Amino acid sequence: MKGFSKTLEAVIAVLTIVGAFLVIFPGGEKPVEHETATWKLLAFNVLDFLEKNNTLSKLAVEGNSSTIEEMVEELLPPSLESKVVICEQSCEDPGIAAEKIVSVEYLIGGYEQRIEPRRVVLFVWRAE
Amino acid sequence: MKGQFFIIAAIITILILVLIKTNTQIGKIMETKRYVEANLESKELVNMEEQLEKVLSYSFNKNIFSNAKKFLRYAKLSFFGKGKELKILSIANKYENAVAGTANTLEVEILNLLGTTISQLNVSFSYDFTQNKTFENVEENETIYTTFTFSFTVPENYTLYVTYLTPSEQKTYSVRIPIEEGSKFVGYFDIRLEGFVSKNEDEMRIEVEIK
């Protein structure tokens, strides 16, 4: 009887370990969560795309952040919200309340008619 | 108690498995974030270089020296605001309305944004090495302006040699200056970005026809 209970406990222990292993290391594991890092890269690429299309510099120097925002929205996935702030010297606080938020800064030298440097800051967070 | 040993051993094993899993995940997250951040920092440097190129090409008709300085200082401050250090040595050269067979002037402006004082700066032009210039204690954010006289009969390439000495390094640049009739800007920029996770360096030469 004593031997039987020992065997039973050993079996329970082994089953527990196997069960825990399957829970901790499930097959087809999802990629590790690193979405905010990806948002940053995505945001920078969006601004870079707009600049390569010759639209960002002029709009930034003219202070037209709303048009940049509209263009950015079209390029970002719908699951993300965004806000654009154009800075000459110091940058205003956009006052966004979000659990996870990232920002990237894109440097602008100006455009043909106005050579005035600016920084375009793009804030990105998950849409509610 | 002897029988429960298996259960206790099982619990310890599970705890170890959980620890392994957690550490692996944190490691993966850190590695990915580091990779993405390094990628972003290298893109930021490219962004700065592309904009500098634009500023210079848009300045083909006026203020090319001052526009370059303004942009470089702005870029340095902008990176400083993000906690990153942008170090630059800018060597800007131009000649205007050069005519064959006459005496012409090469203007040279060197901006020190290396984040340290240059204790000695030597500038010489291969057209005539006797016109060699030496400057001492060039402070951070200070500009040195000098000129060299040259003449030519046919288009030719000369070289501007710039050597600087700081407490931590000594470096020499050779900047090719194509000489021909007309006006030309030749900029040489040593750019280094010290970010949070990476260090990126580049040297770029930009030539602009001035009108």
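Let me begin by describing the structure that accompanies this report.

The rules behind each value
- Residues numbered from 1 in each chain as written.
- Chains lettered and ligands numbered in written order.
- Predicted model: local features only at pLDDT ≥ 70, side-chain atom pairs only at ≥ 80, totals over all residues.
- Heavy atoms only, no water.
- Helix = DSSP H or I, 4+ residues; strand = E, 2+ residues; numbered from the N terminus.
- Rg over C-alpha atoms; globule rule 2.2 N^0.38 Å.
- Buried < 20%, exposed > 50% of the residue type's maximum accessible area, 1.4 Å probe, protein only.
- Areas by Shrake-Rupley, 256 points an atom, 1.4 Å probe, with all protein chains shown as cover.
- Lys, Arg positive; Asp, Glu negative; His and termini not counted.
- Charge placed at Lys NZ, Arg CZ, Asp CG, Glu CD.
- Pairing = 2+ DSSP bridges.
- Axes fitted to C-alpha atoms, helices over the stretch in contact; angles between N-to-C directions.
- Core = buried A, V, L, I, M, F, W, Y, C linked by side-chain atoms within 4.5 Å.
- Contact = heavy atoms within 4.5 Å.
- Phe/Tyr/Trp six-rings, centres within 6.5 Å; stacked < 30°, edge-to-face > 60°.
- Lys NZ or Arg CZ within 6 Å of the ring centre and 35° of its normal.
- Buried area = accessible area lost by both parts, 1.4 Å probe.
- Salt bridge = Lys/Arg side-chain N within 4 Å of Asp/Glu carboxyl O.
- Polar contact = N/O pair within 3.5 Å; in protein donor to acceptor, adjacent residues only side chain to side chain.

Concerning the overall build of chain A
When its secondary structure is counted, chain A shows four helices and three strands. Of the regular secondary structure in chain A, the N- to C-terminal order runs α-α-α-α-β-β-β. Relative to a compact globule of 128 residues, whose C-alpha radius of gyration would be 14 Å, chain A shows 26 Å and is clearly more extended. C-alpha atoms of chain A, sized along the principal axes, occupy 95 × 30 × 20 Å. Buried residues in chain A amount to 39% of all 128 residues. For chain A, the exposed area adds up to about 7,300 Å²; of that, 56% sits on carbon and sulfur atoms. Seen as two clouds, the 12 positive and the 20 negative side-chain charges of chain A have centres 9 Å apart.

Some details on unusual backbone geometry
All names here are of chain B. Phi is positive for Asn-97, close to 50 degrees, though the residue is something other than glycine. With respect to the helices and strands, the residue Asn-97 is situated in strand E1 (residues 85-98). Given the relative accessible area of 60%, Asn-97 is considered exposed. Residues other than glycine seldom take positive phi values, yet Asn-137 does so here, at roughly 50 degrees. Looking at the element boundaries, Asn-137 is found in strand E4 (residues 133-138).

Things to note about the sheet that holds strand E5 (residues 143-150) of chain B
Residues and elements named next belong to chain B. The strand order across the open sheet formed by five strands is E5-E2-E1-E8-E9, and the pairing between neighbours is antiparallel. Sheet topology places E5 and strand E9 (199-209) at the edges, where each strand pairs with a single neighbour. Adjacent strand axes in the sheet meet at a mean angle of 10 degrees when their direction is disregarded. One ladder, built from twelve bridges, connects E1 with strand E8 (residues 182-194); its direction is antiparallel. When the sheet's bridge partners are listed, Ile-88 is paired in E8 with Ile-191.

What about the nonpolar core?
Counting residues in each nonpolar core, the largest one holds 29 residues, and the members touching the most others are Met-48, Leu-52, Leu-56, Leu-86 and Ile-191 of chain B. Elements with a minimum of two residues in this core: helix H1 (5-58), helix H2 (64-81), E1, strand E2 (104-113), E8 and E9 of chain B. Looking at this core element by element, the count peaks at eight residues for H2 of chain B. The contact partners of Met-48 of chain B, leaving out residues within four places of it in the chain, are Leu-107 of chain A together with Phe-71, Leu-72, Ala-75, Phe-79, Leu-86, Ile-88 and Ile-191 of chain B. Counting residues in hydrophobic clusters, the runner-up holds 28 residues, among them Phe-150, Phe-152, Leu-160 and Val-162 of chain B.

Things to note about the packing of aromatic side chains
Residues and elements named next belong to chain B. In total, this model carries eleven aromatic pairs over all chains according to the counting rule given. In textbook terms, an aromatic cluster arises when at least three aromatic residues are bridged by ring pairs, as seen for Tyr-95, Phe-125, Tyr-127, Phe-148, Phe-150, Phe-152 and Tyr-158. Note that Lys-94 overlies the ring of Phe-65, its terminal NZ or CZ placed 4.9 Å from the centroid. In this structure, Lys-133 is placed above the aromatic ring of Phe-148, and the distance from its NZ or CZ to the ring centre is 4.3 Å.

Side note on the interface of chain B and chain A
Residue-level contacts link 38 residues of chain B with 44 residues of chain A. In total, chain B and chain A occlude about 3,500 Å² of area from one another, counting both sides; carbon and sulfur atoms represent 68% of this. Looking at the side of chain B facing chain A, the largest losses of area belong to Lys-21, Tyr-58 and Tyr-74 of chain B, adding up to 19% of the total buried there. On inspection of chain B and its partner chain A, the count reaches three salt bridges. The partner of Lys-40 of chain A in a salt bridge is Glu-37 of chain B, with the nearest N and O atoms 3.4 Å apart. Here chain B and chain A share ten residue pairs in polar contact (both at pLDDT 80 or more) between them. Every element with two or more residues in the side of chain B that touches chain A is listed here: H1 and H2 of chain B. At 27 residues, H1 of chain B tops the list of elements feeding residues into the side of chain B that touches chain A.

Some details on the pattern of salt bridges
All names here are of chain A. For the structure on display, the rule yields 27 salt bridges over all chains. Of the charged contacts in the structure, one is a salt bridge between Glu-88 and Arg-118, with a shortest N-O distance of 3.9 Å. Of this pair, Glu-88 sits in the loop between strand E1 (80-87) and strand E2 (101-108) while Arg-118 is found in strand E3 (residues 118-126), placing the two residues 30 residues apart along the sequence. For Glu-116, the salt bridge identified is with Arg-114, shortest N-O distance 3.3 Å. The class for Glu-116 is partly exposed, based on a relative accessible area of 23%.

Read these as layout, nothing more, since geometry by itself doesn't imply function.
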